[in-house]
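Here is how the chains run, residue by residue.
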Amino acid sequence: MASPKDYTVGWICAISTEYVAAQAFLDERHDRAEYVSPNDNNIYTLGRVGKHKVVIAVLPDGEYGIAAAASVARDMLHSFPNVRIGLMVGIGGGAPSRKHDIRLGDIVVSAPRDGKGGVLQYDFGKTIQDHTFLTTGFLDQPPALLRGAVSDIRAEYESEGHYLEDAINSVLEKKPRLKKKYKRPDPSSDRLYQSKVVHPEGDEASCIVACGDTPLTIISRPERTTDDDNPAIHYGLIASANQLMKDAIIRDKLIAEKDVLCFEMEAAGLMNHFPCLVIRGICDYSDSHKNKEWQGYAAMTAAAYARDLLYRISPNMVEAEKKVTELLSGG
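Quick look at the structure, then. Just so we're clear, the structure is a prediction, and the values are computed from it rather than from any experiment.

Some details on the overall build of the chain
In terms of helices and strands, the chain carries 10 helices and 12 strands. With the C-alpha coordinates aligned to their principal axes, the bounding extent of the chain is approximately 60 × 50 × 40 Å. Expressed as a percentage of the 331 residues in the chain, the buried residues total 52%. For the chain, the share of sequence-separated contacts (at least 6 apart) that also reach a separation of at least 24 residues comes to 78%. Of the roughly 15,900 Å² that the chain leaves accessible, carbon and sulfur atoms contribute 49%. If you average the places of the 39 positive and of the 46 negative side-chain charges in the chain, the two averages end up 2 Å apart.

Have a look at this one:
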């Protein structure tokens, strides 16, 4: 049985759907750890991706947000002190715009932009009527090793395309029980509503019934062709806060002012205490029209990208990185 000291990659998920997808992309699954620190409340899945030993943790059921993510990361380091690189992998809300044609099932990867580390904690700032959004907190960027791997994978995908859909289908063939929840939904269910169209609060009817399906309510977008990557991968700023973003007007404001690509609820709890790359599959559009239909597939696309990323990082390069615990103790 592998020692806890052998695991150098820490992979954190927020919900069980993401956890299932992460497990599905392990090349090899190891026995559960026989010993964890008395200061550790996490339950782990251990395994191998490529030549890397990976430890995967998920937030406790019913817990969300920045503090919960920080607690899971902290506990992981108690039991797995040799973790050197981190990944936060799961689902998020898209921030589509004319500049960024983000669709359901696409992937957003945190990438430094304009002096920002790749993750913006937007509840660190405040919105003042008739003024711009003010940011009062700044978060670290992902480790250089992960940013280098992102540059490599980005160049290859641009030149050769990717095979993430094939990888997902291969996993689903091996695990047919997952097909119902984790396969790609019908593209007709990917509807982007006009920002002014709000789903009636408390109305359990489908969006088509409650909000309509006409040019007055739906933003028309061309179908992706066979020459387009589908899912597409977007690189840029991810907005993180303790509250779920479900207001298209505020979403659009942050897109306009900060060029945000995605909204989520955990990454801001990690960046300064568990240096990591954030990878999010898009399951909704950060508006009132939320449903869970795309969550499984979005979790799979994010996990497939994370696996491909790890495959292009040499184990000796990871071993050369400082332990996260050393980085934190050094300030």
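Structure's up, so let's keep going.
Let's talk about the packing of helix 4 (residues 164-174) against helix 8 (residues 295-311)
Between two packed helices, the angle of one axis relative to the other and the distance separating the axes together describe the packing. Running from N to C, helix 4 and helix 8 point in directions that differ by 110 degrees, and their axes come no closer than 9 Å. The angle between helix 4 and helix 8 places the two elements in the roughly perpendicular class. The handedness of the crossing between helix 4 and helix 8 is right-handed. Of the residues in helix 8, those in contact with Leu164, Glu165, Ile168, Val171 and Leu172 of helix 4 are Tyr297, Met300, Thr301, Ala304, Tyr305 and Asp308. Classifying every residue of the contact of helix 4 with helix 8 gives 8 nonpolar, 1 polar and 2 charged.

With respect to the pattern of salt bridges
In the structure shown here, the tally under the stated rule is 18 salt bridges. Among the salt bridges present, the one from Asp190 reaches Arg221, with a minimum N-O distance of 3.1 Å. Residue Asp190 is found in the loop between helix 5 (179-182) and helix 6 (207-211), and its partner Arg221 is found in the loop between helix 6 and strand 10 (233-240); the two are separated by 31 residues along the sequence. Here Asp252 ties to Arg251 by a salt bridge, and the two come within 2.9 Å at their closest N and O atoms.

Brief notes about helix 8
The end-to-end C-alpha distance of helix 8, which contains 17 residues, comes to 25 Å, matching closely the 24 Å that a straight helix rising 1.5 Å per residue would cover. Across the 17 residues that make up helix 8, a large majority, 14, are buried.

Notes on helix 7 (residues 248-258)
Of the residues making up helix 7, those classed as buried are Ala248, Arg251, Leu254, Ile255 and Lys258. Viewed end-on, helix 7 has its buried residues packed into an arc of 125 degrees, placing them on one side of the element. Exposed side chains of helix 7 directed beyond 90 degrees from the buried face belong to Ile249 and Ala256. Count one or two residues on from helix 7 and you reach Asp259, which has phi positive near 60 degrees.

Side note on the side chain of Arg251
As for its position among the elements, Arg251 is in helix 7. If we skip the residues at most four places from it in the chain, Arg251 touches Gly94, Ala95, Pro96, Leu192, Ser195, Met245, Phe263, Tyr285, Ser286 and Asp287.

Concerning the side chain of Asn82
Here Asn82 lies in the loop between helix 2 (66-79) and strand 5 (85-94). On the basis of relative accessible area, Asn82 is assigned to the buried category, the value being 13%. When neighbours within four sequence positions are excluded, Asn82 is seen to be in contact with Lys5, Tyr7, Thr8 and Lys323.

Re the packing of aromatic side chains
Under the criterion given, the structure shown has 5 aromatic pairs. Ring geometry for Tyr157 against Tyr305: centres 6.2 Å apart, planes inclined by 80 degrees, an arrangement best described as edge-to-face. Remark: Tyr305 occurs in helix 8 and Tyr157 occurs in helix 3 (residues 144-160); sequence separation between them is 148 residues. For Tyr305, a relative accessible area of 0% translates into the label buried. What links up through ring pairs into an aromatic cluster is the set Tyr7, Tyr44 and Phe80.

Some words on the environment of Tyr122
Looking at the element boundaries, Tyr122 is found in the loop between strand 7 (119-121) and strand 8 (126-127). Judged by its relative accessible area of 6%, Tyr122 is buried. Here the alpha-carbon distance between Tyr122 and Asn42, two residues 80 residues apart in the chain, equals 28 Å.

Regarding empty space enclosed by the protein
Per the counting criterion, the structure on display carries 1 cavity of 30 Å³ or more. Its boundaries defined by the atoms lining it, the largest cavity holds a volume of some 110 Å³. Split by residue class, the lining of the largest cavity holds 5 nonpolar, 3 polar and 3 charged.

A word on the state of the cysteines
Throughout the structure, instances matching the rule amount to 0 disulfides. As a non-bridged cysteine, Cys13 has Cys276 as the owner of its nearest cysteine sulfur, 12 Å distant. Unpaired in terms of disulfides, Cys262 finds its nearest cysteine sulfur in Cys283, a separation of 8.5 Å. Residue Cys262 is classed as buried on the basis of its relative accessible area, which comes to 0%.

Cut-off values and rules
- Residues numbered from 1 in each chain as written.
- Predicted model: local features only at pLDDT ≥ 70, side-chain atom pairs only at ≥ 80, totals over all residues.
- Heavy atoms only, no water.
- Helix = DSSP H or I, 4+ residues; strand = E, 2+ residues; numbered from the N terminus.
- Buried < 20%, exposed > 50% of the residue type's maximum accessible area, 1.4 Å probe, protein only.
- Contact = heavy atoms within 4.5 Å.
- Areas by Shrake-Rupley, 256 points an atom, 1.4 Å probe, with all protein chains shown as cover.
- Lys, Arg positive; Asp, Glu negative; His and termini not counted.
- Charge placed at Lys NZ, Arg CZ, Asp CG, Glu CD.
- Axes fitted to C-alpha atoms, helices over the stretch in contact; angles between N-to-C directions.
- Parallel < 35°, antiparallel > 145°, perpendicular 65-115°, else oblique.
- Left-handed = near helix turned anticlockwise from the far one by under 90°.
- Nonpolar A, V, L, I, M, F, W, Y, C, P; charged D, E, K, R; others polar.
- Salt bridge = Lys/Arg side-chain N within 4 Å of Asp/Glu carboxyl O.
- Expected span 1.5 Å × (residues − 1).
- Arc of directions from axis to C-beta.
- Phe/Tyr/Trp six-rings, centres within 6.5 Å; stacked < 30°, edge-to-face > 60°.
- 1 Å grid on protein atoms, 1.4 Å probe; cavity = no way out; pocket = protein on both sides within 12 Å on 5 of 7 lines; lining within 4 Å.
- Points joined across faces, edges and corners; volume = space filled by probe spheres on them.
- Disulfide = S-S within 2.5 Å.

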